[in-house]
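Chains, contacts and geometry: an overview
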Amino acid sequence: MQGARRAETMKTPLTARRPWRGRRVVLGVTGGIAAYKSVQLARDLTRLGAEVDVVLTRAAREFVTGLTFEGVTGRRALSDLFSTDGAALHIKLGIEADVVCVAPATADFLARAAHGRADDLICTTLLATRAPVVVAPAMNDRMFSHPQVQANLAHLREVLGYAVAGPGVGPLAVGEGEGPGRMLEPEELVEHVGRALTGPTSLAGRRVVVTAGPTREAIDPVRYVGNRSSGRMGYALAQAAWRRGARVTLVSGPSALPTPTGVGRISVETAEDMHAAARDVLPEADVSVFAAAVADFRPSAPHDEKVKRSRTGPTWGIELVANPDIAGDTRDLRKEGSVCVGFALETGDVVANAREKMEAKGFHLMVANDASEPGAGFEVETNRVTLLDTRGGAEALPLMSKHDVAEAVLDRVEGILREREG
Ligand code: CTP
């Protein structure tokens with residue numbers, strides 16, 4: 001039962017949200033075996049609220065059919081440049097697109113795109129659009145490392161400003177071994193598309209540090225003192241900051257969540273490890289977000305060997321000593337002019353207690369939430385928070401997903417950054 005509940009709470013349901021909601025995505029699919037993963041990509045983008053127009057090349061249709069995509073997008077899949085629906089389909093697609101993503105992008109497609117060829121629907125759409133373009137290369141590693149492919153990619157990236165997502169390193173098609181050339185996974189490509197849709201922001205190029213997750217404090221080699229934090233809130237913040245163009249470092253305690261796309265993760269176990277990692281990275285941070293649920297105490301003398309039940313008797317007292325206050329202790333290390341965000345999890349007098357912590361730890365924005373409220377706090381997808389600012393303002397937000405809370409927090413952070421720049 002416990003296991004079932006945990007599996008349920010770890011799932012991240014896809015619901016329409018920023019920056020995909022209501023946006024037009026042209027998804028070009030070219031002829032590589034990774035095209036099977038693009039079906040999932042089309043489905044995920046649709047579930048996030050985008051309208052996805054899939055454009056298949058002739059070669060792509062050797063691997064997947066238009067019907068498959070229509071089943072997940074609810075929209076007609078397109079492939080014919082010379083269709084009877086109107087000769088200017090490529091112009092319409094290009095103008096209406098908020099982003100064009102080509103996944104998989106084969107070596108042949110990259111060559112045609114780099115030369116501005118206009119011999120099929122996706123290449124003509126690329127010439128007609130002024131929307132950002134994301135390409136996700138997918139091919140054998142020997143082909144990928146060929147100087148001509150690299151030159152084509154360099155042209156797309158440097159001259160045309162396309163975002164090149166991947167490729168990843170890993171198993172290639174059956175019988176081809178492993179190497180760089182594998183198309184990124186759909187969940188990573190969703191984020192690359194999200195980053196392109198987000199466009200330029202005040203966080204672009206800034207360094208953001210996020211602490212997240214619980215810490216574990218050893219009692220003996222098998223037992224620990226910890227808490228129920230899943231890391232979800234901090235991971236959502238790190239991912240959203242990356243989508244806004246920031247260079248993000250996530251200092252994370254043990255969490256089952258995958259590392260957010262594009263984010264550098266430093267994995268730690270104890271509060272003291274997290275303290276040391278934070279000290280290393282904070283001096284460079286333009287924005288720091290303390291979302292970790294740090295264990296305030298640790299066993300004073302962890303045992304080297306597993307404590308046997310026969311030795312403890314019916315009761316067992318464990319002495320705890322205070323851990324460092326990571327946010328408070330590192331105040332002097334913060335970069336001048338940086339913005340610092342704290343979290344407060346309370347079970348009573350939420351706003352008053354949070355404001356006290358905000359002042360004591362020198363936060364510029366405080367995200368306060370009530371652990372006793374249903375749908376808020378640990379192990380749930382949602383949160384109901386109140387945002388406190390340094391002018392005494394308190395803005396109570398409705399119950400929303402942690403992803404939406406992350407967007408709201410970063411909107412405020414960007415507001416503070418813009419205000420400071422005058
Ligand atoms: N925090 C921290 N290091 C700690 C404890 C907390 O960096 N050892 C940070 C948290 O990441 C959060 C803020 O300080 O941003 C407040 O955390 P919270 O646990 O609510 O407060 P505490 O200072 O631990 O106070 P208390 O547990 O007594 O409410």
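Not measured: the values here are computed from a predicted model.

This next bit is on the overall build of the chain. Secondary structure summary: the chain contains 15 helices and 21 strands in total. When the backbone C-alpha atoms are referred to their principal axes, the chain occupies close to 80 × 55 × 40 Å. Buried positions account for 50% of the 422 residues belonging to the chain. Pairs at least 24 residues apart make up 69% of the contacts formed inside the chain by residues separated by at least 6 positions. Element-wise, carbon and sulfur atoms account for 51% of the exposed surface of the chain, whose accessible area totals about 19,900 Å².

Let us look at the site of the ligand. As a structural note, the neighbourhood of the ligand is formed by 15 residues, with Phe 290, Ala 292, Ala 327, Lys 357 and Lys 361 the closest of them. At 3.0 Å, a side-chain N or O of Asp 296 approaches an oxygen atom of the ligand. Contact between the ligand and Lys 357: an oxygen atom at 2.7 Å from a side-chain N or O atom of the residue. Protein coverage of the free-state accessible area of the ligand, which is 560 Å², stands at 75%. By residue number, the principal contributor to the shell around the ligand is strand 16 (residues 339-346), which donates four residues. Each residue belonging to the shell around the ligand can be placed in one class, and the counts come to ten nonpolar, one polar and four charged.

The next thing to look at is a nonpolar patch on the surface. A contiguous nonpolar patch, built from Phe 297, Trp 316, Ile 318 and Leu 320 and spanning about 360 Å² of accessible area, is present on the exposed surface. Turning to its location among the elements, Trp 316 is positioned in the loop between helix 12 (309-312) and strand 15 (320-322). When its relative accessible area of 36% is taken as the criterion, Trp 316 is described as partly exposed.

Bringing the environment of Val 159 into the picture now. Tracing the backbone shows Val 159 in helix 8 (residues 147-159). Residue classification places Val 159 among the exposed residues on the basis of a relative accessible area of 58%. Along the sequence, Val 159 and Ala 114 sit 45 residues apart, while their C-alpha atoms lie 9.3 Å from each other.

Assigned domains within the chain: domain 1 (12-198) and domain 2 (207-421). Placing a centre on the C-alpha atoms of domain 1 and another on those of domain 2 gives a separation of 36 Å. With 13 residues of domain 1 at the interface, the matching set in domain 2 holds twelve residues. If you look at where domain 1 meets domain 2, you find three salt bridges. Across the salt bridge formed by Arg 18 and Glu 407, the nearest N and O atoms sit 3.8 Å from each other.

Moving on to the state of the cysteines. Evaluated as defined, the whole model comprises zero disulfides. With no disulfide of its own, Cys 101 lies 14 Å from the sulfur of Cys 123, the closest cysteine sulfur.

Let us now look at the pairing of strand 1 (residues 24-29). In summary, the side chains of a regular strand alternate between the two faces of the sheet. Counting buried positions along strand 1 yields six of six residues, so the element is predominantly enclosed. The alternating pattern of strand 1 places Arg 24, Val 26 and Gly 28 on one face and Val 25, Leu 27 and Val 29 on the opposite face, and all of these are buried. Alignment of strand 1 against strand 2 (residues 51-56), held across six bridges, turns out to be parallel. Bridge pairing in strand 2 places Arg 24 opposite Glu 51. Read from strand 1 through helix 2 (residues 35-47) to strand 2, the crossover connection turns out right-handed. Where strand 1 and strand 3 (residues 99-105) come together, four bridges link them in parallel fashion. Residue pairing in the sheet places Leu 27 in a bridge with Cys 101 of strand 3.

What counts, and where the lines are drawn
- Residues numbered from 1 in each chain as written.
- Predicted model: local features only at pLDDT ≥ 70, side-chain atom pairs only at ≥ 80, totals over all residues.
- Heavy atoms only, no water.
- Helix = DSSP H or I, 4+ residues; strand = E, 2+ residues; numbered from the N terminus.
- Buried < 20%, exposed > 50% of the residue type's maximum accessible area, 1.4 Å probe, protein only.
- Contact = heavy atoms within 4.5 Å.
- Areas by Shrake-Rupley, 256 points an atom, 1.4 Å probe, with all protein chains shown as cover.
- Near = heavy atom within 4 Å.
- Polar contact = N/O pair within 3.5 Å; in protein donor to acceptor, adjacent residues only side chain to side chain.
- Nonpolar A, V, L, I, M, F, W, Y, C, P; charged D, E, K, R; others polar.
- Patch = residues over 30% accessible without salt bridge, like charges linked within 9 Å, V, L, I, M, F, W, Y side chains within 5 Å.
- Salt bridge = Lys/Arg side-chain N within 4 Å of Asp/Glu carboxyl O.
- Domains from an automatic or database assignment.
- Disulfide = S-S within 2.5 Å.
- Pairing = 2+ DSSP bridges.
- Right-handed = clockwise from strand over helix to strand, strands pointing away.

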